[in-house]
Amino acid sequence: MIQCMLCGCNFDESKVGPCDFRCGFGDCHGANVLCPNCGHDVPVPKELRKDNFDKESFLAKLKKTFS
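In this text, all values refer to a predicted model and were calculated from it rather than measured experimentally.

Looking at this structure, how should I read the overall build of the protein?
Scanning the protein for helices and strands turns up 1 helix and 4 strands. Taken from the N to the C terminus, the helices and strands of the protein come in the order β-β-β-β-α. For the protein, restricting intrachain contacts to residue pairs at least 6 apart in sequence, the fraction spanning at least 24 positions comes to 37%. Element-wise, carbon and sulfur atoms account for 56% of the exposed surface of the protein, whose accessible area totals about 5,000 Å².

Would you mind showing me how to read the state of the cysteines here?
As used in these notes, a disulfide is a covalent bond between sulfur atoms, one from each of two cysteines. Per the stated rule, a full pass over the model turns up 0 disulfides. With no disulfide of its own, cysteine 35 has cysteine 7 as its nearest cysteine by sulfur position, at a separation of 3.7 Å. Taking the relative accessible area as the measure of exposure, cysteine 35 reaches 4% and is therefore buried. The thiol of cysteine 38 is unpaired, and the distance to the nearest cysteine sulfur, on cysteine 4, comes to 3.7 Å. When its relative accessible area of 37% is taken as the criterion, cysteine 38 is described as partly exposed.

When you look at the side chain of glutamate 13 in this model, what are you seeing that I'm missing?
Among the secondary structure elements, glutamate 13 is positioned in the loop between strand 2 (10-11) and strand 3 (32-34). Glutamate 13 gets classed as buried once you look at its relative accessible area, which sits at 14%. Ignoring anything within four residues of it in the chain, the contact list for glutamate 13 reads Met1, Ile2, Val33, Val44 and Leu48.

When you look at the environment of threonine 65 in this model, what are you seeing that I'm missing?
If you trace the backbone, threonine 65 turns up in helix 1 (residues 58-66). Threonine 65 sits in the exposed class, given a relative accessible area of 59%. Of the polar contacts made by the side chain of threonine 65, one reaches the backbone oxygen of lysine 61; its length is 2.9 Å.

Thresholds, definitions, all that
- Residues numbered from 1 in each chain as written.
- Predicted model: local features only at pLDDT ≥ 70, side-chain atom pairs only at ≥ 80, totals over all residues.
- Heavy atoms only, no water.
- Helix = DSSP H or I, 4+ residues; strand = E, 2+ residues; numbered from the N terminus.
- Contact = heavy atoms within 4.5 Å.
- Areas by Shrake-Rupley, 256 points an atom, 1.4 Å probe, with all protein chains shown as cover.
- Disulfide = S-S within 2.5 Å.
- Buried < 20%, exposed > 50% of the residue type's maximum accessible area, 1.4 Å probe, protein only.
- Polar contact = N/O pair within 3.5 Å; in protein donor to acceptor, adjacent residues only side chain to side chain.

Here it is as C-alpha cells:
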C-alpha cells in the first residue's frame, strides 16, 4: 500500500497500472503510478518496483555522471 502525497488516498500499487509517461520530470519508465482518486503521479518505493521498473531515466543517469 502506498499513499498519494496530494490527496492522501491509500491504494495498492499492484492494482493500479504504471503512469502513461506524462511525468512532469521526464520519462520515469514506470517508476510512478497514477493515484486512482486524483490522478497525481505517485513514486513507487524501490523495494516494491517490478523488474521492468528498474530502468533509469535520463536525468538520473546524468546526475550519476556528475556525482
